[in-house]
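# Chains, contacts and geometry: an overview
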Amino acid sequence: MSEEVYLHAGSPRTGTSSFQLFLEVNAEAIRAQGVDLNYPGRDAAKQGTLALRFPAPRHDAGAIEQRLIRARRNLGRVLRPDRPVILSEENICGRMLDFHKGLFFPTAPLRAGFLARALAPRSVARITLVLRPYSEIFVSGYRKRAEDNLQAPFEEHAGKMAQFKGGWVEVISAMREGLKPAEIVLLDYRRRPQAELAGVVCPLLDTSALVEPGREANVSLNDAGLFAMQARLRAGETYTPDLLEEVRLAHAAETADAPFAAFTADAKARLDARYAADLDRLAAMAGVRYRRGE
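To start, this report covers the structure provided alongside it.

Each value, and the rule that gives it
- One numbering rule holds for all chains: residues counted from 1, following each sequence as written.
- Only residues with pLDDT of 70 or above have their local features reported here, since the model is predicted, and side-chain atom pairs are shown and tallied only from 80 upward, although totals for entire chains, interfaces and linings are computed over all residues.
- Side-chain metrics in this entry use all non-hydrogen atoms of the structure; hydrogen atoms and water are not considered.
- Per-residue accessibility, obtained with a 1.4 Å probe over protein chains only, is compared with the maximum for each type, and a residue is labelled buried under 20%, exposed over 50%, and partly exposed between these values.
- Going along the chain from the N terminus, every DSSP run of H or I of four or more residues is numbered as a helix, and every run of E of two or more is numbered as a strand.
- Strands qualify as paired when DSSP identifies two bridges or more between them.
- Here the axes come from fitting lines to C-alpha atoms, over the contacting stretch only for helices, and the angles between their N-to-C directions go from 0 to 180 degrees.
- Any pair of residues with heavy atoms lying within 4.5 Å of one another is described as a contacting pair.

Looking now at the pairing of strand 1 (residues 5–8). Burial of the side chains of strand 1 extends over both faces: Val5 and Leu7 are buried on one face and Tyr6 and His8 on the other. Relative to strand 3 (residues 85–88), strand 1 runs parallel, the two being bridged by four bridges. Bridged to leucine 7 within strand 3 is leucine 87. Of the strand pairs in this sheet, strand 1 and strand 5 (residues 124–131) are connected by four bridges, and their pairing is parallel. Paired with valine 5 across the bridge in strand 5 is valine 124.

With an omega dihedral of 10 degrees, the bond running from glycine 10 to serine 11 counts as a cis peptide bond. In this structure, arginine 53 takes a positive phi of about 50 degrees despite not being glycine. Its place among the elements puts arginine 53 in the loop between strand 2 (36–38) and helix 3 (61–75). With a phi angle near 60 degrees, aspartate 82 is a residue other than glycine that sits in the positive phi range. Following the sequence through the fold, aspartate 82 ends up in the loop between helix 3 and strand 3.

Here six strands make up an open sheet; going across it, the order is 2-3-1-5-7-8 and the pairing parallel. Two strands close off the open sheet at either side, each with one partner strand: strand 2 and strand 8 (288–291). Shown here is a sheet whose adjacent strand axes are inclined to one another by a mean of 15 degrees, direction ignored. The pairing of strand 2 with strand 3 spans three bridges and is parallel. Considered in strand 3, the bridge of leucine 37 is made with isoleucine 86. Running over the sheet, helix 1 (residues 16–25) touches strand 1, strand 2 and strand 3 and is turned about 145 degrees from strand 3. Relative to strand 5, helix 8 (residues 194–201) is tilted by about 140 degrees, and along the sheet it contacts strand 1, strand 3, strand 5, strand 7 (183–188) and strand 8.

Next up on the list: the environment of valine 247. Along the chain, the position of valine 247 falls in helix 10 (residues 241–251). Taking the C-alpha atoms as reference points, valine 247 and proline 55, 192 residues apart in sequence, are found 34 Å from one another. Non-local contacts of valine 247, meaning those with residues more than four positions away in its chain, are made with Leu221, Gly225, Ala228, Met229 and Arg232.

As C-alpha cells, then:
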C-alpha cells in the first residue's frame, strides 16, 4: 500500500472528539486493513498519542525548529513504511481563543506549513474538514470556553465576532497551499454516523464492519449548566473535571429562561449571508470538493 496521509482536520466544535473515539474503538480493525491511525489523547479517546505542539507567531526560528524535531519524533511512532495513515487533529486550523479578538483561525498558514514540514517526505492524499456556519461556531466556541473559564458576557465579544477577519476561504486556502494535498473534501456540519465520516476521511477503509461508539464524547453543558458554572466560577470556585460533571448532572433536566449566548437576529443574518457566500467561493476553488448537503 501507499504511505499517504489522510488528514481529518476537524474543525473544532464539529464532533471531532466523537470521531476520535470511533477511531479508538475500531483501532484494531482499522490497522488490520493495513491503515495506521493516530489522534491526540484528550477528551474520551485516551489512547491517542498525537502531540504536534504547533508553533505560535511569537516563536522564533529556533523555537519552531525545536518543535519540529519533537513533532517528527512523535509522528515517527505511527508513520510506518508502506502503510497509509489517518491523522485526526482539529487544532490544525488554530485556536478558538482568537474568536474573542474578531479573528478566524489566523494561524492556519503557520500551522499548515509546520505540519507539512513535520510529515515530509510523506504526501497528504486528502484533507477532510467539517464546516460549521460562523454564527454557530462562534457561539459554540464561547460556550465551550465558558465550561472551564470565567467569561465576560457574550455581548461583549459579539461585536468583534460579527465583524471578524478571515474565514473558511482563508483557512482552506492555507491548508491547500501549506500541505498541498491531492484533494480537500468539505462537509457540512450535521449529525452523521462516524463510520460514514471515516469513509470520507479515508476511502481505503471498508467501514461496513466498524462499530459506532456506545456514547458521545465531549458533551457540552446546556444553557442552565453554563449559567450555573459561570456563577460558581465567579464565586471563587476553581474548575475541575469533577466540578464540571457535578454541574452537568445537577442541571441536565433544567431549561434556562434565555440562551447563554446568542447573536442578535441582524448579526446572525449577516454572518449567515457571509457564510453562504464563502461556501460558494469554496465550491469553485481548485482542488476542493465541497459535498454540499451530504
